[in-house]
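Given next are the chains, with one letter for each unit.
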Amino acid sequence: MAKDYPASPKAQHLQESKKQRLTYVLVVSSLCVAFYVLGAWQNTTMPQPIGDSAISRVDCDPVAQKDGSVPSFGSASENVLDFDAHHQLNLNDTEAAVQQFPVCSLNFSEYTPCEDRPRGRRFERDMLIYRERHCPGKDEQIRCLIPAPPKYKNPFKWPQSRDLAWFDNIPHKELSIEKAVQNWIQVEGNKFRFPGGGTMFPHGADAYIDEIAKLIPLSGGNIRTAIDTGCGVASWGAYLLKRNILTMSFAPRDTHEAQVQFALERGVPAILGVMGTQRLPYPSRAFDMAHCSRCLIPWAGYDGLYLAEVDRILRPGGYWIHSGPPVNWRTHHNGWQRPEKDLKKEQDKIEDVARSLCWNKVGEKEDLSIWQKPKNHLECANIKKKYKIPHICKSDNPDAAWYKKMESCLTPLPEVSNQGSIAGGEVEKWPERAFAVPPRVKRGTIPGIDGKKFEEDKKLWEKRLAYYKRTAPIKEGRYRNVMDMNANLGGFAASLIKYPVWVMNVVPVNSDKDTLGAIYERGFIGTYQDWCEAFSTYPRTYDLLHADNLFSIYQDRCDITDILLEMDRILRPEGTAIIRDTVDVLTKVQAIGKRMRWESRILDHEDGPFNPEKVLVAVKTYWTADPSEHS
């Protein structure tokens, strides 16, 4: 074979080929290294806070609020979130996917779908059936955006909001006139002031609570959860907050316009509800204390039906506080314009019902009468030999409370071995109670949840909240009224206890586990709810909504568009929604949210990009009704 010399054409060609291959390998290797470094940098970059520039306003100044202040949402940052979804869903009808929902007329500004007064008139007035939940059928549902009043402003921040609210947000003067002598509410220029008065405490809720504290121990952490039936504007609950007592205030939507709306505008927990024929939407043994101040509930009627319901939701050893007619009838009968004989008879009947429930009267002082539920029912059998009515409930789930009829029967407490034991288990004092394993978990009454899983859940929420705080201004006082739409064990609420917020923990009735009782045992409040229906609240009453895998639960049960429209109804302008779910669900949610004027971004899971679950953070943009509609 002929030898190839270095200068020969063939040798030169081989050398050039080697150089080209080497150059190609070096270029490819360099590109691989560069893209690897870039990818690693992107995956470790934390989500930037949503700045003010992420909130696009409609028909208003993009910088100034209606009241002239600068919006406080998020921390100032030049790095605006990229709201383009990285996981696109193939939509057949692209035009329909981006078309915005129409705006409802201004007369829907305070629309409460399941407590709509025109619909309620179709039902019986007996036992207030017409004021219970009556949700619209498919043919009555609306698919438009509920507008805020034309001059709507962001509410005052807590604790200032306890005493002040903007008149333009709830333009109703009825209560300030009708309850003028009782100091419920006063109009001062463009603001409402709440002096803390009530029908039975015109000198203020603080003084009234001090009188209660002389009869039962309100301090020391033994009493944490309370319920106020017929709450007015919820001043009792508002002033209990500084004593670390969290109150579920409820009242019907009635002629006293917007009581619950005022309460929520103040930043005080409240919900629309009435004691009619259905159980209250809370589990058994939930509240440490129940309160009625001239709430106009016929406690002695219907064979003790309503006191039996209070007994169901009271914790063992819990208190029932009653003020107003017929308490102290000897002093007040002239003012009430009722015969002494009738008032005495009514008082005697109430006391008979209380004793038939095995309650013990703690004391009666002036306008207050306080009873205590027993810690267990060991001695109740002897009492029931004397009082046959109400009978003891049989074969009943005491926690079943969604469209469940009330019964005039005594809910039996869990069995105990000795007289000193607390039925169902003792809870810790507040605040240790928030992180202690709840008795229901200890006793194994929630399938699949034990002490180990509870501890894991606590650690999970420490991590999640740390992640959320990088995007949502939780620690900056932006939020007050928070709702966890699928609360599980209440971990989100527990993670927020050091911040000036309260959380409505919602347990969907479609969940495979009923955890609401355990949430109450932790010292938090909440309610049952079917999210295929509207929630019992006014529009614009929550600052932050959290939905953990909620849409995965409901996507085969009802149209998730209706759930999102309900979220938009109850969320304040510039409020935030944090939604956790799979990518395919979140892309649908994001597309619908865009039609509702939401700005949103899908973020990686807190554990990194390889987790199939993602987090969508959305902001409801600020817009109001057309001022020309305002009369």
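Parameters at a glance
- Residues numbered from 1 in each chain as written.
- Predicted model: local features only at pLDDT ≥ 70, side-chain atom pairs only at ≥ 80, totals over all residues.
- Heavy atoms only, no water.
- Phe/Tyr/Trp six-rings, centres within 6.5 Å; stacked < 30°, edge-to-face > 60°.
- Helix = DSSP H or I, 4+ residues; strand = E, 2+ residues; numbered from the N terminus.
- Buried < 20%, exposed > 50% of the residue type's maximum accessible area, 1.4 Å probe, protein only.
- Lys NZ or Arg CZ within 6 Å of the ring centre and 35° of its normal.
- pLDDT = per-residue confidence, 0-100.
- Contact = heavy atoms within 4.5 Å.
- Pairing = 2+ DSSP bridges.
- Axes fitted to C-alpha atoms, helices over the stretch in contact; angles between N-to-C directions.
- Lys, Arg positive; Asp, Glu negative; His and termini not counted.
- Salt bridge = Lys/Arg side-chain N within 4 Å of Asp/Glu carboxyl O.
- Polar contact = N/O pair within 3.5 Å; in protein donor to acceptor, adjacent residues only side chain to side chain.
- Arc of directions from axis to C-beta.
- Right-handed = clockwise from strand over helix to strand, strands pointing away.
- Disulfide = S-S within 2.5 Å.

## Some remarks on the packing of aromatic side chains
Logical step 1: Counted according to the given criterion, the structure contains 18 aromatic pairs.
Logical step 2: Relative to Phe192, the ring of Phe167 lies with its centre 5.3 Å away and its plane at 50 degrees, an arrangement referred to as tilted. Pair noted here: Phe167 is in the loop between strand S1 (164–166) and helix H4 (174–178) and Phe192 is in strand S3 (residues 191–193), with a separation of 25 residues, a long-range link. Phe192 shares its class with Phe167; the two are buried.
Logical step 3: On the basis of an interplanar angle of 85 degrees and a centroid distance of 5.0 Å, the ring pair of Phe192 and Phe262 is categorised as edge-to-face. Remark: Phe262 occurs in helix H7 (residues 259–265) and Phe192 occurs in strand S3; sequence separation between them is 70 residues. Accessibility classification places Phe192 together with Phe262 in one group, the buried group.
Logical step 4: In this arrangement the basic side chain of Arg224 is found over the ring face of Trp430, its NZ or CZ atom lying 3.6 Å from the centre.
Logical step 5: One Lys or Arg, Arg480, reaches over the ring of Trp158 and ends 3.7 Å from the middle of that ring.

## Thoughts on the confidence of the model for the protein chain
Any region with low pLDDT has predicted coordinates that should not be read closely.
Logical step 1: Mean pLDDT over the protein chain works out to 86, with 83% of the residues at or above the 70 mark.
Logical step 2: In the predicted structure, residues 1–11 sits below a pLDDT of 50 and forms five contacts with residues beyond four places in sequence or in another chain.
Logical step 3: The low-confidence segment residues 42–96 (pLDDT under 50) makes 96 contacts with residues lying over four places distant or belonging to another chain.

## Focus on the sheet that holds strand S19 (residues 613–620)
Logical step 1: A sheet is described by the order of its strands in space; here seven strands give the open sequence S15-S14-S13-S16-S17-S19-S18, paired in mixed fashion. Looking at strand neighbours, the two that pair on one side only are strand S15 (525–529) and strand S18 (598–603), the edges of this open sheet. Along the sheet, successive strands turn relative to each other by an average axial angle of 20 degrees, direction set aside.
Logical step 2: Both strand S13 (residues 481–484) and strand S16 (residues 542–548) contribute to a ladder of three bridges, which runs parallel. Its bridge partner lying in S16, Val482 is registered against Leu544.
Logical step 3: Packed onto the sheet, helix H17 (residues 560–570) meets S13, S16, strand S17 (571–582), S18 and S19 and runs at close to 145 degrees relative to S17.

## As for the sheet that holds strand S4 (residues 225–229)
Logical step 1: A sheet is described by the order of its strands in space; here seven strands give the open sequence S6-S5-S4-S7-S8-S10-S9, paired in mixed fashion. The sheet terminates laterally at strand S6 (270–272) and strand S9 (360–365), the two strands that pair on one side only. Taking the axes of each pair of neighbouring strands and ignoring which way they run, one obtains an average angle of 20 degrees across the sheet.
Logical step 2: Relative to strand S8 (residues 314–323), strand S7 (residues 287–293) is paired through six bridges, and the arrangement is parallel. Along S8, the bridge assignment pairs Cys292 with His322.
Logical step 3: Contacting S4, S7 and S8, helix H8 (residues 305–313) crosses the sheet at an angle of about 140 degrees to S8.
Logical step 4: Lying over the sheet, helix H10 (residues 340–356) contacts S8, S9 and strand S10 (368–372), oriented at roughly 150 degrees with respect to S9.

## Quick word on the side chain of Asp228
Logical step 1: Note on placement: Asp228 falls in strand S4.
Logical step 2: Lacking a salt bridge, the buried Asp228 has Arg266 as its closest oppositely charged neighbour, with an N-O distance of 9.5 Å.
Logical step 3: A polar atom in the side chain of Asp228 sits 2.8 Å from the side chain of His291.
Logical step 4: Here Asp228 is in contact with Trp236, Thr247, Met248, Ser249, Phe250 and His291, once residues within four sequence places are set aside.

## Observations regarding helix H5 (residues 205–213)
Logical step 1: All of the buried residues along H5 are Ala205, Tyr208, Ile209 and Ile212. For H5, the arc enclosing every buried residue in end-on projection is 95 degrees, short of the 170-degree limit, so these residues lie on one face.
Logical step 2: Buried residues belonging to H5 abut helix H6 (235–240), S7, S8 and S10.

## So, the pairing of S15
Logical step 1: Among the five residues that make up S15, five are buried, leaving the element largely enclosed by the rest of the structure.
Logical step 2: The side-chain alternation of S15 yields two buried faces, one formed by Ile525, Thr527 and Gln529 and the other by Gly526 and Tyr528.
Logical step 3: Across five bridges, the pairing between strand S14 (residues 502–508) and S15 is parallel. Looking at S15, one finds that Val507 is bridged to Tyr528.
Logical step 4: Following the chain from S14 across helix H15 (residues 516–521) to the adjacent parallel S15, one finds a crossover that is right-handed.

## Looking at the state of the cysteines
A disulfide bridge is the covalent bond that connects two cysteines by way of their sulfur atoms.
Logical step 1: Within the structure shown, the criterion is met by six disulfides.
Logical step 2: Between the sulfur atoms of Cys292 and its disulfide mate Cys295 the distance is 2.0 Å. On the sign convention where negative means left-handed, the S-S torsion of about -100 degrees between Cys292 and Cys295 marks this disulfide as left-handed. Note on accessibility: Cys292 and Cys295 belong to one class, buried.
Logical step 3: Cys532 shares a disulfide with Cys558; S-S distance 2.3 Å. Because the torsion about its S-S bond is -90 degrees, the bridge between Cys532 and Cys558 counts as left-handed. One end of the pair, Cys532, is in the loop between S15 and S16; the other, Cys558, is in the loop between helix H16 (550–554) and H17, with 26 residues separating them in the sequence.
Logical step 4: Overall, Cys532 belongs to the partly exposed group, its relative accessible area being 28%.

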